[in-house]
Amino acid sequence: MATKKVTGSQAVILSLLEEGVDTIFGYPGGAIMPIYDALYDFDQQVTHILTRHEQGAVHAAEGYAKVTGRAGVCFATSGPGATNLITGIADAMIDSIPLVCITGQVASPLLGTDAFQESDVVGISMPITKWNYQITDADEIPEAIAKAFYIATTGRPGPVLLDIAKDAQFQELDFEYKKCTKIRSYIRDYQIDPFSVKAAADLIDAAKKPFLLFGQGVIIANAEAELKTFIEKTGIPAAWTLLGLSALPSDHPLNVGMLGMHGNYGPNVKTNEADLIIAVGMRFDDRVTGKVSAYAKNAKIIHLEIDPAEIGKIVKTDVAVLGNAKKSLAMLIDNVKENKHESWLQEFRECDKIEYKKVISKDIYPEKGGLTMGEAVRIASEKTNNEAILVTDVGQHQMVAARYFKFKHSKSIVTSGGLGTMGYGIPAAMGAQLGAKNRTVVAFVGDGGFQMTLQELGTIVQNKLPVKIVLLNNNFLGMVRQWQQLFFEKRYSFTELQNPDFIMITNGFGMAAHKVTKREELEAGIQKMLDHNGPYLLEVVVEKEDNVFPMVPSGASVSDVILEA
């Protein structure tokens, strides 16, 4: 390949183009200004989204990555610009989201001198990145960027960070780009052990009450078709983690619902009655297991997982199938016998009836009282024909939305799982809309988290992104308030909010908005939002003490799930 003389800054942009990057989220500043100057000449080849805060940039990159399956890219300057990325990087690390974060840094002679806007972002981000590296010589830039994309997107995906000294951005180099396809000592995938597959198949064939739990690993591996084929061949009921949502259509007859603290009644209760648990691309998070010592005590455990660190970390595994979920499931399909578990599946459906009577009917079809979160979610899902991308912030509305929004297609939920990052929703919705321009993106946010990143309404308007935002306003930090009500004798310590006029604020950014306070206004309000040509915010004032059930209390067994206060 012929080389050409370019600056380090130009090499950054050329390298990103070689990796197929079409969208960058960022915020300029002194230490990254040369890169932004180089970017000026490439505005026809790559779209840059100027966010209003660096945290908005990194969450937007996460949203983009979630719906596209490609690495999200964000830029920030040194010092506070770089440190403002940290929450989003941590979020991406725990939720296995591929990101390439590029930060400017003070010139290399100033490193370690406490120069203006210097921070040790490499040291700070080391525990929350798959790999990070500081570049002090322009010659390193192409190889480092190629390595960054390879590490971020292969194996168990995650964020990487490159910190580029300002003098390296000005230096010249002979540019040549070679994509990275291998790194010594880095294992991107594992050769699946056929004996482990056979041992797993034997357990599956012998089980009387098998139960499959699937997580985001299915979506990352593009293994949705294999998951569907496997459960249909074996007749095994399947439940999803929060991040596994949408890998299997909501109306699939073997889809029995959500696991975990605010999951469905059946999947929680039946976990401790199962004689076999098959976990696919999930990590047995504490919100799924509850009290680990009381979790699935009657069951053998099969774990299909790409990250060896997750196997046996929380729950003792009887058979581990280490490798890509798509390949593992395909091999299992060839080894298991056709089966049905109709009576076992019916036990889940009986639980559904109990939950519908005690919880669901009151949430989504309330007959009296104020507006509920559940009815707003149900109507929005129905009016988008269950085909929209759902984005949520974090809190009660997140759990309600996950429970009642329905899905036909994979890669249709964007939410913060492991870190539980309030403020995630609005910027992540921007990234999702840019990554899926032809799909409807509906973001559900609470009044608490919304106020952490509402400045990104300006980014949405400036870029004409048709994001639809439903603000469920209960004038409380609702999830914390629910815990205070149930476990702290209603001592509402600093959880009630004196909120601003959200409609006025939204209009101030140039975005259309409307407020609904009565049930008879809700359906028309949601339809108006969806019909609007452009971004729109619908504020729905809901009950102040509208709790989310079912609920597994902290420290309790999943079988101790409660349906009402």
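Residues numbered from 1 in each chain as written. Predicted model: local features only at pLDDT ≥ 70, side-chain atom pairs only at ≥ 80, totals over all residues. Heavy atoms only, no water.

So, the side chain of Thr 129
Point 1. Mapped onto the elements, Thr 129 comes out in the loop between α6 (121–125) and β6 (131–135).
Point 2. Thr 129 sits in the buried class, given a relative accessible area of 8%.
Point 3. Of the polar contacts made by the side chain of Thr 129, one reaches the backbone oxygen of Ser 125; its length is 3.0 Å. (Helix = DSSP H or I, 4+ residues; strand = E, 2+ residues; numbered from the N terminus. Buried < 20%, exposed > 50% of the residue type's maximum accessible area, 1.4 Å probe, protein only. Polar contact = N/O pair within 3.5 Å; in protein donor to acceptor, adjacent residues only side chain to side chain.)

Focus on the domain arrangement of the chain
Think of interface size as the accessible area that goes away when the parts come together; that is how it is often given.
Point 1. For the chain, the assigned domains are domain 1 (4–175), domain 2 (194–348) and domain 3 (370–542).
Point 2. Averaged C-alpha coordinates put domain 2 and domain 3 at centres separated by 31 Å.
Point 3. Across the boundary between the two partners, domain 2 contributes 17 residues, which contact 19 residues of domain 3.
Point 4. Between domain 2 and domain 3 the total buried area reaches about 1400 Å² when both faces are included, carbon and sulfur atoms providing 63% of it.
Point 5. The largest per-residue losses of area from domain 2 upon contact with domain 3 belong to Leu 242, Ser 246 and His 262, which jointly make up 39% of the total buried on that side.
Point 6. Joining domain 2 to domain 3, the criterion identifies 0 salt bridges.
Point 7. Our enumeration of links across domain 2 and domain 3 arrives at 5 residue pairs in polar contact (both at pLDDT 80 or more). (Domains from an automatic or database assignment. Contact = heavy atoms within 4.5 Å. Buried area = accessible area lost by both parts, 1.4 Å probe. Salt bridge = Lys/Arg side-chain N within 4 Å of Asp/Glu carboxyl O.)

Side note on the pairing of strand β7 (residues 159–165)
Point 1. In terms of burial, β7 is a largely internal element, 7 of the 7 residues being buried.
Point 2. Of the two faces of β7, the one lined by Pro 159, Leu 161, Asp 163 and Ala 165 and the one lined by Val 160, Leu 162 and Ile 164 are each fully buried.
Point 3. One ladder, built from 7 bridges, connects strand β5 (residues 99–105) with β7; its direction is parallel. By the bridge assignment, Gly 104 is partnered in β7 with Ile 164.
Point 4. Here β6 runs beside β7; their pairing, made up of 5 bridges, is parallel. Looking across to β7, one finds that Tyr 133 is bridged to Leu 162. (Pairing = 2+ DSSP bridges.)

Some points on the packing of helix α11 (residues 224–234) against helix α14 (residues 325–335)
Point 1. It is the contact of α11 with α14, at a shortest axis distance of 9 Å, that shows an interaxial angle of 25°. Considering the angle they form, α11 stands roughly parallel to α14. As α11 runs across α14, the sense of the crossing is left-handed. Here Glu 226, Leu 227, Thr 229, Phe 230 and Lys 233 of α11 come into contact with α14, specifically with Lys 326, Leu 329, Ala 330, Leu 332 and Ile 333.
Point 2. A per-class count over the contact of α11 with α14 returns 6 nonpolar, 1 polar and 3 charged. (Axes fitted to C-alpha atoms, helices over the stretch in contact; angles between N-to-C directions. Parallel < 35°, antiparallel > 145°, perpendicular 65-115°, else oblique. Left-handed = near helix turned anticlockwise from the far one by under 90°. Nonpolar A, V, L, I, M, F, W, Y, C, P; charged D, E, K, R; others polar.)

Focus on the packing of aromatic side chains
Point 1. Per the stated rule, a full pass over the model turns up 13 aromatic pairs.
Point 2. Between the aromatic rings of Tyr 36 and Phe 75, the centroid separation amounts to 5.8 Å while the plane-to-plane angle is 80°, which identifies the pairing as edge-to-face. Placement of Tyr 36 in helix α2 (residues 33–39) and of Phe 75 in strand β4 (residues 72–76) is noted, with a sequence separation of 39 residues between them.
Point 3. Judged by relative accessible area, which is 13%, Tyr 36 ranks as buried.
Point 4. Here the aromatic rings of Tyr 150 and Tyr 186 are separated by 5.7 Å at their centres, their planes lie at 70°, and the arrangement is edge-to-face. You can see Tyr 150 sitting in helix α7 (residues 141–153) and its partner Tyr 186 sitting in the loop between β8 (172–175) and α9 (194–206), a full 36 residues away along the chain.
Point 5. Ring pairs connect the aromatic residues Phe 211, Trp 344 and Phe 348, which therefore count as one cluster. (Phe/Tyr/Trp six-rings, centres within 6.5 Å; stacked < 30°, edge-to-face > 60°.)

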